[in-house]
Amino acid sequence: MQFGAQDMAECAGTAHTTMVPQREAIVATTVRWLVGWPRLNLRLLAGERGLDQPLSWAHGIELVDPTPWLSGGEVVLTTALRLPRTTAERVDYVERLAAAGVVGLGFGVGLSHARVPAAMIEAADRLGLPLFSVPLPTPFVAITQAVADKMAEGQYEVERATMRSQQRMTRAALADGVSAIVPLLASLLGASVLVLDAQGVVLAGEPADDVELYERVLRELADVRDRGEHFSVGRVDERGHLMIESVRVTDAGGGVIAVAKRDRLTPPEQMLVNHAASLIALDIGQSQRSRDAERAVRATVLSLLASGHILGAELARHVRGLGFQPDARVAGVVIDGLPDPTQVVERLERVLATQGVPYLLGEDGPRLMLLFAVTQGGRTGPVADAHEGVAEKRPPAAAAEQVASELAEVARQHGSAVSATGLGGVVSLAEADTSLRQAHHAARLARAERRALQTHTGLRLHALLLADQSPESLRALSALVLGPLQESDRVRRGSLLETLEAFLRCNGHWETAAAELGVHRHTVRHRMRRIEEITGSRLDSAHDRAEFLLALSARRLGSTTGSSS
């Protein structure tokens, strides 16, 4: 966080101290100030312990019972023209004013009464209600005007202080964006502040580890999301006041700002929150535009590499500005089976950013292609040891598989439950295109066999032999060997293909295949004889079994590739 030295000095030690002048503290003038104002010549007679009560207004009223027209916080001014005659009624008058929340009683002397009745003085002192005499030369309007001037002066100070705070936030935003705005706003309000992006990820928080506030905000957001893109909500519970406001940038961006405080926000504080929301929106918008531009560069470089327009040997020069070192080891990843790849792009980027590795990422139809750095300067991934401050060393292939596993999990959680991820080998930048091709082959096999992740090192020979074949070639190869069985199953509603797959998968064990299919072993033997009769192949021949295995693999790969093309 880097804002001005003056701001840093002002902010020091104010983590939970309100810095914005409160309306109650400045605007609300006290009775003590009013009685002590020398130009009015007022004289306090009773109720000294109530002098520090803030007053909202000074009001001249001559009714015997003015309480129906009072809201509390007023100083009542009276000439006592209609004051009751009996002592009990006069005490009752004082008690009614105190019960109504009146904070002071000004008694005009020299007109109907030469002095304030003793019973009223005693009652006011007992109730802690300041009672003061107003000399005949002091008009009530002068008292009212003095209160109005003092309140205007206080309001002006609040506005000036609020403006200074807004300027400080603007300077902080220019220096360090949302990460500087949030702690400064929290110190100004004496509150906890949290900012989330559109996906609910924390952009900044003060205090940074307030998990309770984060969970509280998420619960509230679950209820208000249906209110539209622009919303503001307030909640009050035993923990205090919570305010959440949307921060909109574009149709696809934005987030929320949440403020939690024991007391309700005053109007000046609300102005600061609104100002902070505007600054945060600008910062998010600028960051989003920068991310979009960088994302386009990454996707373009990756597309050129995959299409052969950039040779692997030239890649280092193009990706140096994206964090790749010339000696970096990289691995390719392909994620297949995504109905809308754009839905998971930001989440995948977040995984890679958390890992702290440079990467390229781009769309290829229903697939996503990635290339990420596995080693930097001979070390694998910056996994720091918390105690020794050193990077944990792991085999490059294991480090790459860990990252790919996290990417595959994100793809299945947020993209498609049947998505398939393929991981290529760990290679130099000059061989990056090779790792991408390996990842593509692995993803095809993963999807055919319904796996979340398939590494290139786990590919079988028959998968590698078929990997570069077109969908049409794969289907033709499958039909050449398996076509007669498919036709027999269609006409007879049989299960010859299913039985053949189970038999080969169980390494030719009759009982195991029968248990898997849920039939008697003699049924399996009968079906296998039918397969030999229809195809002219022999299942005790290694050559014929290999041909069946290739044909079945081609059938799976051809069907999967065709559906995702």
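On a predicted model such as this, the values are computed, not experimentally measured, just so you know. (Residues numbered from 1 in each chain as written. Predicted model: local features only at pLDDT ≥ 70, side-chain atom pairs only at ≥ 80, totals over all residues. Heavy atoms only, no water.)

Chemist: When you look at the packing of aromatic side chains in this model, what are you seeing that I'm missing?
Modeler: Each aromatic ring pair is characterised by the separation of its centres together with the angle its planes make. A complete count under the given rule lists 2 aromatic pairs for this structure. With a centroid separation of 5.3 Å and 35 degrees between ring planes, the pair formed by W33 and W37 is classed as tilted. Given the relative accessible area of 21%, W33 is considered partly exposed. Of the residues examined, W37 reaches a relative accessible area of 31% and is grouped as partly exposed. The interplanar angle of 45 degrees and the centroid separation of 5.0 Å between the aromatic rings of F503 and W510 together place this pair among those described as tilted. Residue F503 is classed as buried on the basis of its relative accessible area of 2%. W510 sits in the partly exposed class, given a relative accessible area of 23%. Looking at R298, its charged tip hangs above the ring of Y359, at a distance of 4.2 Å from the centre. (Phe/Tyr/Trp six-rings, centres within 6.5 Å; stacked < 30°, edge-to-face > 60°. Buried < 20%, exposed > 50% of the residue type's maximum accessible area, 1.4 Å probe, protein only. Lys NZ or Arg CZ within 6 Å of the ring centre and 35° of its normal.)

Chemist: Help me understand the pattern of salt bridges in this model?
Modeler: Opposite charge on two side chains makes pairing possible when the charged atoms of those side chains draw close. A complete count under the given rule lists 18 salt bridges for this structure. For R235, the salt bridge goes to E220, with nearest N and O atoms at 2.9 Å. Remark: E220 occurs in helix α8 (residues 211-224) and R235 occurs in strand β10 (residues 232-237); sequence separation between them is 15 residues. With a relative accessible area of 14%, E220 lands in the buried category. The partner of D364 in a salt bridge is R367, with the nearest N and O atoms 4.0 Å apart. On the basis of relative accessibility, which here comes to 34%, the residue D364 falls in the partly exposed class. (Salt bridge = Lys/Arg side-chain N within 4 Å of Asp/Glu carboxyl O. Helix = DSSP H or I, 4+ residues; strand = E, 2+ residues; numbered from the N terminus.)

Chemist: So what exactly am I meant to see when it comes to the nonpolar core here?
Modeler: Within soluble globular proteins, side chains that are nonpolar tend to cluster in buried spots. The biggest cluster of nonpolar side chains holds 29 residues, and the ones touching the most others in it are M169, L185, L189, I257, V259 and I280. Of all the elements in the fold, those that place two or more residues in this core are α6 (140-176), α7 (178-189), β8 (192-197), β11 (240-247), β12 (255-261) and α9 (267-306). Looking at this core element by element, the count peaks at 9 residues for α7. Ignoring anything within four residues of it in the chain, the contact list for M169 reads I181, L184, L185, L188, L272, H275, A276 and L279. (Core = buried A, V, L, I, M, F, W, Y, C linked by side-chain atoms within 4.5 Å. Contact = heavy atoms within 4.5 Å.)

Chemist: How should I be thinking about the sheet that holds strand β9 (residues 202-206) in this particular structure?
Modeler: Sheet strands line up and pair through hydrogen bonds in the backbone, either parallel or antiparallel. As summarised here, the arrangement of the 5 strands in space is β9-β8-β12-β11-β10, forming an open sheet in which the pairing is antiparallel. If you trace the sheet from one side to the other, it starts and ends with β9 and β10, each paired once. Averaged over neighbouring strand pairs, the angle between their axes works out to 10 degrees when direction is ignored. Direction of pairing for β8 relative to β9: antiparallel, over a ladder of 4 bridges. What sits directly across from V195, in β9, is A204. Contacts from α7 reach β8, β9 and β12, with the element oriented near 30 degrees to β9. Each of β8, β9, β11 and β12 is contacted by α9, which is oriented at about 35 degrees to β11, the strand it contacts most. (Pairing = 2+ DSSP bridges. Axes fitted to C-alpha atoms, helices over the stretch in contact; angles between N-to-C directions.)

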